[in-house]
Protein chains: 2
Amino acid sequence: MELKAEVINPFLEATVSVLKTMAFVEPKPGKPYIKTGHSAVGDITGIVGITGMTEGSICITFSRECILAIVSKMFGEDQKEINEEVKDAVGELTNMISGDSRRRLDAIGYHFLGAIPCVISGKGHEVKHITRGPILSIPFSTQNGNFAVEVCFK
Amino acid sequence: MELKAEVINPFLEATVSVLKTMAFVEPKPGKPYIKTGHSAVGDITGIVGITGMTEGSICITFSRECILAIVSKMFGEDQKEINEEVKDAVGELTNMISGDSRRRLDAIGYHFLGAIPCVISGKGHEVKHITRGPILSIPFSTQNGNFAVEVCFK
């Protein structure tokens, strides 16, 4: 699928909106770009597959510092380690960002279904998308570190 | 979705069949079981979302030793580290196991679509499924270590 701006914006807007609503964090989006062959590296990642007009997947990869600050605000309680509650929060954020992106895409005629998310944790793990299609990466910065949303299509 | 034997067997049979055909490795399946709350731990994982009659995801998590032996046989050449070729091979195996499982399920009336796989690498990373539904785990052993296939549904 071609990655026009109208396809990119729903993912960007959904990410900002979900983090603002759920965690009172306003992430600053950097310039989205098309990746060639590189992998995202982070400490915790939410992944969800999508099907519909084409197949794809959405990944959200956070540094440890960044996710602990986000979940601390989300829960109103200081989080000091990536425990089960933090993993579940990443799953919930992934589900909501996937759902909100798909609603926004639906409104402009792109129809997708979402699968069940998985959450990967482990210091400095790498996420590689297995596709010959384009991989969109949107970098975000927060006051407490960075995260990236990646979307790939077939 | 209920996890009857007829739903479990296609994943088990597809895994054995794909590894036999692609890598001349015959993995020995252990007893499939329903997990409650535990996460798979491994060094490299292929993940693919599924949608259709219900949503879910399929993960295949290998130890380093196990995947290096499998890909060595697959390529007919000794693999000493988890490099890009090994990651791509895990993506290909994940795609084929997902496809073959779905073909077998289709033949008995269960219809699913597959998303695009991601491959996660990083020593001892953990995979957590975000669902209130059942998580099926099928352990496999090979002459060179273990791997697990996990399937979750909504």
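In this text the structure is predicted, and so the values were computed from the model without any measurement. (Residues numbered from 1 in each chain as written. Chains lettered and ligands numbered in written order. Predicted model: local features only at pLDDT ≥ 70, side-chain atom pairs only at ≥ 80, totals over all residues. Heavy atoms only, no water.)

### Brief notes about the overall build of chain A
Secondary structure assignment for chain A yields three helices and eight strands. When the helices and strands of chain A are listed from N to C terminus, the series reads α-β-β-β-β-α-α-β-β-β-β. The globule rule puts the C-alpha radius of gyration for 154 residues at 15 Å, and the 14 Å found for chain A is close to it. Seen along its three principal axes, the alpha-carbon backbone of chain A occupies a region of about 40 × 30 × 30 Å. Every one of the 154 residues in chain A was classed for burial, and the buried ones make up 57%. Within the structure as shown, chain A displays about 6,600 Å² of accessible surface, and the carbon and sulfur contribution to it stands at 51%. (Helix = DSSP H or I, 4+ residues; strand = E, 2+ residues; numbered from the N terminus. Rg over C-alpha atoms; globule rule 2.2 N^0.38 Å. Buried < 20%, exposed > 50% of the residue type's maximum accessible area, 1.4 Å probe, protein only. Areas by Shrake-Rupley, 256 points an atom, 1.4 Å probe, with all protein chains shown as cover.)

### A few points about the pattern of salt bridges
Close approach of charged atoms lets side chains of opposite charge pair. By the definition in use, this model includes 24 salt bridges over all chains. Across the pair A:Asp78 and A:Lys80 runs a salt bridge whose closest N-O atoms are separated by 3.1 Å. Neither residue differs from the other here; A:Asp78 and A:Lys80 are each classed as exposed. One salt bridge connects B:Lys128 with A:Glu84, and the closest N-O pair in it is separated by 2.7 Å. Remark: A:Glu84 occurs in helix H3 (residues 84-106) and B:Lys128 occurs in strand S6 (residues 118-129); the pair is interchain, linking two chains. It is possible to trace a salt-bridge network through shared partners that takes in A:Glu84, A:Lys87, A:Asp88, B:Glu126 and B:Lys128. (Salt bridge = Lys/Arg side-chain N within 4 Å of Asp/Glu carboxyl O.)

### Side note on the relation of the copies chain A and chain B
Between chain A and chain B, the superposition needs a rotation of 180° and an axial shift of 0.0 Å, giving an RMSD of 0.0 Å. Expressed as an axis order, the relation between the two copies is that of a two-fold axis. For chain A, the smallest separation between a C-alpha atom and the rotation axis is recorded for A:Gly49, amounting to 2.2 Å. Interface overlap between copies: 100% of the residues of chain A at the interface are likewise at the interface in chain B, consistent with a symmetric, same-surface contact. (Least-squares fit on C-alpha atoms with pLDDT ≥ 70 in both. Contact = heavy atoms within 4.5 Å.)

### A look at the state of the cysteines
Tallied over the entire structure, the rule returns zero disulfides over all chains. For the unlinked cysteine A:Cys66, the closest cysteine sulfur is that of A:Cys59, found at 16 Å. For A:Cys66, a relative accessible area of 0% gives the class buried. The closest cysteine sulfur to the non-disulfide-bonded B:Cys118 is located on A:Cys59, 3.6 Å from its own sulfur. Assessed through its relative accessible area of 1%, B:Cys118 is described here as buried. (Disulfide = S-S within 2.5 Å.)

### Some thoughts on the environment of A:Lys31
All names here are of chain A. Note that Lys31 resides in the loop between strand S1 (28-29) and strand S2 (33-35). Owing to a relative accessible area of 72%, Lys31 belongs among the exposed residues under this scheme. Through-space distance from the C-alpha of Lys31 to that of Pro139 is 7.0 Å; in sequence the pair is 108 residues apart. Apart from residues lying up to four places away in sequence, Lys31 is in contact with Ser137 and Pro139.

### Side note on the interface of chain A and chain B
Counting residues at the interface gives 32 residues for chain A and 32 residues for chain B. For the pair chain A and chain B, the summed buried surface comes to about 2,500 Å²; carbon and sulfur atoms form 61% of the total. In terms of surface lost to chain B, no three residues of chain A exceed A:Ile116, A:Lys128 and A:Ile130, which account for 28% of the buried area on that side. At the junction of chain A with chain B, the criterion picks out six salt bridges. A salt bridge links A:Lys87 to B:Glu126; the shortest N-O distance between them is 2.8 Å. (Buried area = accessible area lost by both parts, 1.4 Å probe.)

### What to know about unusual backbone geometry
Residue and element names in this part refer to chain A. A positive phi angle, close to 55°, is found at Phe24, a residue other than glycine. Residue placement: Phe24 occurs in the loop between helix H1 (5-23) and S1. Judged by relative accessible area, Phe24 falls into the exposed class, the value being 61%.

### Quick look at the packing of H1(A) against helix H2 (residues 64-75) of chain A
Residue and element names in this part refer to chain A. H2 packs onto H1 with a crossing angle of 50° between their chain directions and a minimal axis gap of 8 Å. Between H1 and H2, the angle is such that the two are oblique. Two secondary-structure elements touch here, H1 through Leu19, Met22 and Ala23 and H2 through Ile70, Lys73 and Met74. Of the residues that constitute the contact of H1 with H2, the class distribution is five nonpolar, no polar and one charged. (Axes fitted to C-alpha atoms, helices over the stretch in contact; angles between N-to-C directions. Parallel < 35°, antiparallel > 145°, perpendicular 65-115°, else oblique. Nonpolar A, V, L, I, M, F, W, Y, C, P; charged D, E, K, R; others polar.)

### Notes on helix H3 (residues 84-106) of chain B
Compared with the 33 Å implied by 1.5 Å per residue over 23 residues, the 33 Å span of H3(B) between its first and last C-alpha is a close match. Looking at where H3(B) begins, the residue whose side-chain oxygen comes 3.2 Å from the main-chain nitrogen of B:Glu85 is B:Asn83. (Expected span 1.5 Å × (residues − 1). Polar contact = N/O pair within 3.5 Å; in protein donor to acceptor, adjacent residues only side chain to side chain.)

Treat this as a map of the structure, not an account of what it does.
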